[in-house]
Amino acid sequence: MTDHMPDRPFISVEAIARRFPGARGAPPQVVFDNLHFTIRRGEFVCLIGHSGCGKTTILNILAGLERADSGAIVLGGQEISGPSLDRAVIFQSHALLPWMTAKGNIAFAARARWPNRARAETAAHAQKYLDLVGLAGAEHKKPAHLSGGMKQRVGIARALAVEPKMLLMDEPFSALDALTRGVLQDEVRRLCAATQQTVFMITHDVDEAILLADRIMLMTNGPHAKLAEIVVNTLPRERTRHDIHRHPHYYRIRNHIVDFLIERSRRFAEETAGGGYDPRRPPETRPGIGGPGGDGAPPDIARRSAAASIAIV
Amino acid sequence: MSKPVGWRAALLSLVFFAMLLGVWQIAATPRGGSGPALDPEYAKLIGAAAAVGQKSPFPTPIEVGAKLAEHLADPFYERGTNDRGIGIQLAYSIARVTIGYLLAALVAIPLGFLIGMSPLVYGALNPYIQVLKPISPLAWMPLALYTIKDSALSSIFVIFICSIWPMLINTAFGVASVRREWLNVARTLEVGRMTTAIRVILPAAAPTIMTGMRISIGIAWLVIVAAEMLVGGTGIGYFVWNEWNNLSIGNILTAILLIGVIGMALDQGLGWLARLVAYQE
Ligand SMILES: Nc1ncnc2c1ncn2[C@@H]1O[C@H](COP(=O)(O)OP(=O)(O)OP(=O)(O)O)[C@@H](O)[C@H]1O
Ligand SMILES: [Mg+2]
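All figures in this text were calculated on a predicted structure; none of them were measured in a lab. (Residues numbered from 1 in each chain as written. Chains lettered and ligands numbered in written order. Predicted model: local features only at pLDDT ≥ 70, side-chain atom pairs only at ≥ 80, totals over all residues. Heavy atoms only, no water.)

J.: Can you help me understand the overall build of chain A in this one?
T.: Looking only at helices and strands, chain A has eight helices and eleven strands in total. By the compact-globule yardstick of 20 Å for 313 residues, chain A fits well, its C-alpha radius of gyration being 20 Å. Out of the 313 residues belonging to chain A, those deemed buried represent 53%. Nonlocal contacts in chain A, meaning residues at least 24 apart in sequence, comprise 70% of its contacts between residues at least 6 apart. Of the accessible surface of chain A, which amounts to about 13900 Å², a share of 52% is contributed by carbon and sulfur atoms. Between the mean site of the 40 positive side-chain charges and the mean site of the 33 negative ones, chain A shows a separation of 5 Å. (Helix = DSSP H or I, 4+ residues; strand = E, 2+ residues; numbered from the N terminus. Rg over C-alpha atoms; globule rule 2.2 N^0.38 Å. Buried < 20%, exposed > 50% of the residue type's maximum accessible area, 1.4 Å probe, protein only. Contact = heavy atoms within 4.5 Å. Areas by Shrake-Rupley, 256 points an atom, 1.4 Å probe, with all protein chains shown as cover. Lys, Arg positive; Asp, Glu negative; His and termini not counted. Charge placed at Lys NZ, Arg CZ, Asp CG, Glu CD.)

J.: Can you walk me through empty space enclosed by the protein in this structure?
T.: Any empty space left between atoms is shown by rolling a water-sized probe over those atoms. This structure, assessed with the given rule, holds one cavity of 30 Å³ or more. Considering only enclosed or pocket space, the largest cavity measures out at about 90 Å³ in volume. Looking at the largest cavity, the residues that line it are S84(A), L85(A), R87(A), A88(A), V89(A), F91(A), R158(A), A159(A), V162(A), V185(B), T188(B) and L189(B). In terms of residue count, strand β6 (residues 87-90) of chain A provides more of the lining of the largest cavity than any other element does, three residues in total. Tallied by class, residues from the lining of the largest cavity come to eight nonpolar, two polar and two charged. (1 Å grid on protein atoms, 1.4 Å probe; cavity = no way out; pocket = protein on both sides within 12 Å on 5 of 7 lines; lining within 4 Å. Points joined across faces, edges and corners; volume = space filled by probe spheres on them. Nonpolar A, V, L, I, M, F, W, Y, C, P; charged D, E, K, R; others polar.)

J.: For this particular structure, what's the right way to read the site of ligand 1?
T.: All names here are of chain A. Surveying the vicinity of ligand 1 reveals 13 residues, the closest of which are S51, G52, K55, T56 and T57. The contact in question runs from an oxygen atom of ligand 1 to an N or O atom on the backbone of G54, over 3.0 Å. Between T57 and ligand 1, the recorded distance is 2.6 Å, taken from a side-chain N or O atom to an oxygen atom. Within the complex, the protein chains bury 61% of what would otherwise be the 640 Å² of accessible surface of ligand 1. Put simply, the parts of the chain that give the shell around ligand 1 at least two residues each are β2 (29-39) and α1 (55-63). Element by element, the count of residues in the shell around ligand 1 is highest for α1, at three residues. Looking at the shell around ligand 1, its residues break down into three nonpolar, eight polar and two charged. (Near = heavy atom within 4 Å. Polar contact = N/O pair within 3.5 Å; in protein donor to acceptor, adjacent residues only side chain to side chain.)

J.: Where do I start with the pairing of strand β7 (residues 166-170) of chain A in this structure?
T.: Successive side chains on a regular strand alternate, one facing one side of the sheet and the next facing the other. All names here are of chain A. With respect to burial, β7 is a largely interior element, five of its five residues being buried. A two-sided burial pattern is seen for β7, the buried positions comprising M166, L168 and D170 on one face and L167 and M169 on the other. Of the pairings in the sheet, the one linking β6 to β7 comprises four bridges and is parallel in character. Along β7, the bridge assignment pairs R87 with M166. (Pairing = 2+ DSSP bridges.)

J.: What exactly am I supposed to notice about the side chain of H256(A) here?
T.: By secondary structure assignment, the location of H256(A) is in helix α7 (residues 248-271). Reaching out from H256(A), the side chain makes a polar contact with the side chain of E229(A) at a distance of 2.6 Å.

J.: Looking at this structure, how should I read the pattern of salt bridges?
T.: All names here are of chain A. Tallying each qualifying case throughout the model produces 24 salt bridges over all chains. The partner of R215 in a salt bridge is E43, and the shortest N-O contact between them spans 2.5 Å. Of this pair, R215 sits in strand β9 (residues 215-219) while E43 sits in the loop between β2 and β3 (44-48); the two residues are 172 residues apart in sequence, bridging distant segments of the chain. Like E43, R215 is buried. Ionic pairing is found between E187 and R190, a salt bridge with its closest N-O pair at 2.6 Å. Taken together, the residues E187 and R190, both in helix α5 (residues 178-195) and three residues apart, mark about one turn of the helix. (Salt bridge = Lys/Arg side-chain N within 4 Å of Asp/Glu carboxyl O.)

J.: Where do I start with the domain arrangement of chain B in this structure?
T.: Often, the extent of an interface is quoted as the loss of accessible area on bringing the components together. The domain architecture assigned to chain B consists of domain 1 (3-73) and domain 2 (83-280). Taken over C-alpha atoms, the centre of domain 1 of chain B sits 33 Å from the centre of domain 2 of chain B. (Domains from an automatic or database assignment.)

J.: What should I look at first to understand the interface of chain A and chain B in this one?
T.: Facing the 21 residues of chain A at the interface are 16 residues of chain B. Buried surface at the junction of chain A and chain B, summed over both partners, amounts to about 1800 Å²; 69% is from carbon and sulfur atoms. The interface formed by chain A and chain B includes six residue pairs in polar contact (both at pLDDT 80 or more). Looking at the side of chain A that touches chain B, the element that brings in the most residues is helix α2 (residues 102-113) of chain A, giving three residues. Its residues placed into classes, the side of chain A that touches chain B shows 16 nonpolar, four polar and one charged. (Buried area = accessible area lost by both parts, 1.4 Å probe.)

J.: Is there a simple way to think about the nonpolar core in this case?
T.: Generally speaking, nonpolar side chains in soluble globular proteins are found buried as a group. Ranked by internal contacts, the top residues of the largest apolar core, which has 146 residues, are F44(A), F200(A), I216(A) and I257(A). Sort the elements by how many residues they give to this core and helix α10 (residues 193-231) of chain B lands first, with 15 residues. Beyond its immediate chain neighbours, meaning those up to four positions away, F44(A) contacts M169(A), V188(A), C192(A), V199(A), M201(A), L212(A), A213(A), D214(A) and R215(A). (Core = buried A, V, L, I, M, F, W, Y, C linked by side-chain atoms within 4.5 Å.)

J.: Hey, could you run me through the coordination of the magnesium ion (ligand 2) in this one?
T.: Residues and elements named next belong to chain A. Those protein atoms acting as donors to the magnesium ion (ligand 2) are T56 (OG1) and Q92 (OE1), and they sit at 1.8 to 2.4 Å. Of the two residues, T56 is situated in helix α1 and Q92 in the loop between β6 and α2; the sequence distance between them amounts to 36 residues. Residue classification places T56 among the partly exposed positions, given a relative accessible area of 30%. (Donors = N, O, S within 2.8 Å, 3.2 Å for Na, K, Ca; no water.)

J.: Where do I start with helix α4 (residues 148-161) of chain A in this structure?
T.: Each α-helix turn comprises 3.6 residues. Residues three or four places apart therefore point the same way. For α4(A), built from 14 residues, the straight-helix expectation of 20 Å at 1.5 Å per residue is met to within 8% by its first-to-last C-alpha distance of 20 Å. Buried residues dominate α4(A), accounting for twelve of its 14 residues. What α4(A) keeps buried is the set G149(A), M150(A), Q152(A), R153(A), V154(A), G155(A), I156(A), A157(A), R158(A), A159(A), L160(A) and A161(A). Those residues of α4(A) that are buried are in contact with β6, α2, α3 (119-132), β7 and α5 of chain A together with α9 (180-188) of chain B. Following α4(A) by one or two positions, E163(A) has its phi on the positive side, about 45°. (Expected span 1.5 Å × (residues − 1).)

Written out as structure tokens, the structure reads:
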């Protein structure tokens, strides 16, 4: 692969590690170390992995809220050293300010981005994003009086309202019912496409990842979690919730990921003990295009396929 | 079980009140026969007037009621330095408490902010706070009188010193325990330090700060009575002490009742403020 300009990564994660001190003299707990991956401009990347493997930690480091214990993240040629308005975060726990109304929370963000705007203009801007996430009518409610899904939507609206260059989303749709989730997934997809957003999203929902992501990163269980592989989504870009399951690639990709989550996320370390895994270049696989391991093949074939795709990449 | 209890509680309150008055009336009604002989020490304490037999029997509720009505009818008269209306005395006390308390808030809240935001400042000041906090405010009185050389200012200082600790400690605690995710929101929005302090930390810590302010006003109101007894001159504490010397139990009871009512009003006022800044997570 030649490294010509348009392909130069927007974000390059280089050998980051995160450790927490062990309890009372125990050796430090390594959440992950020597983690590498890249994100291109305008790309939608999903990260899937079991609970506690370190997904939120990665997102926080990308956001600049936490620092890696070693390694660095380079964004547009510069190392990330702190949070920025250009990287909006949708927090796993909503993180709404409880003393402000729904609209107040969004206006607070808009005001941070455009401090010199007139009050009325900020309010109109906030209202626009409230309407966008379908919360018209709940403007003046405090977060305590909103349902979990409504809170999540305020969080999404707040992130979108600052018109960032990049969105970092931590399970943004997990507390939503299927219907609302679908509506918001479509909305986020439309917005990201329209505004050329680069997106990094954590999810537990395989279908959501296949619908939204260009590439899906699979993370093994912690501690010492690794990026086992990166699944390239080979479904056509113009896909919708209603037609993806008719596409032949869909079940191959889906089975491949589900198989990873059930089996290989746990056993990845033994699987690669013999070598063949380079953390600096996690293998990119394309289970959608007839690749073995996508159609319910047993794990040993899947393993060989992963090795085969290293050669492809 | 969940029937509204409001009017029944009010009724019961009235019953208790009536019972209290009844028992008081019976107990205070003078009976025949002389009481036990006065202890000479006690006789000395209550003054010569009482000791020679000018007895001042405990007043009945009706007498206290009459005294109260009398005081409330003309609370603000002023006939010389030793004869001021009870309203004026209360106003002196309230003014001292207000000044001392506000000065304490002015110091405690910014300082508490600093302590809460910086573990370094917290570590440096904590030993002083721990030692100074348990000192009875009245223990400062001689020192205050000696250095300030003004009795009115000294009592304000005592109020200041006793109100400062709960506010300082609660502010520091409230600021230190602001949820990390709220601060992270401010950080990702690149909100400046000052805006973060005013728009995020202050509202987040406000309920805890208000709790401290409410504790402080309670303590300040307790202390002012004692301080004015010591310092003399003006104020409701001095009034009580003066009436004790006059052996006017009726006046003392009236003052006690009013001290209670004002204390409750101060507490309720801050409670109302606390509800304004409360939020539900
Ligand atoms: N402050 C901390 N001290 C010690 N360990 C921590 C701390 N914060 C996180 N961890 C550990 O780091 C690991 C990764 O946490 P993280 O929140 O990133 O998981 P996650 O993948 O986002 O999980 P989930 O899907 O449940 O949100 C966990 O095992 C957790 O125990
Ligand atoms: Mg998480």
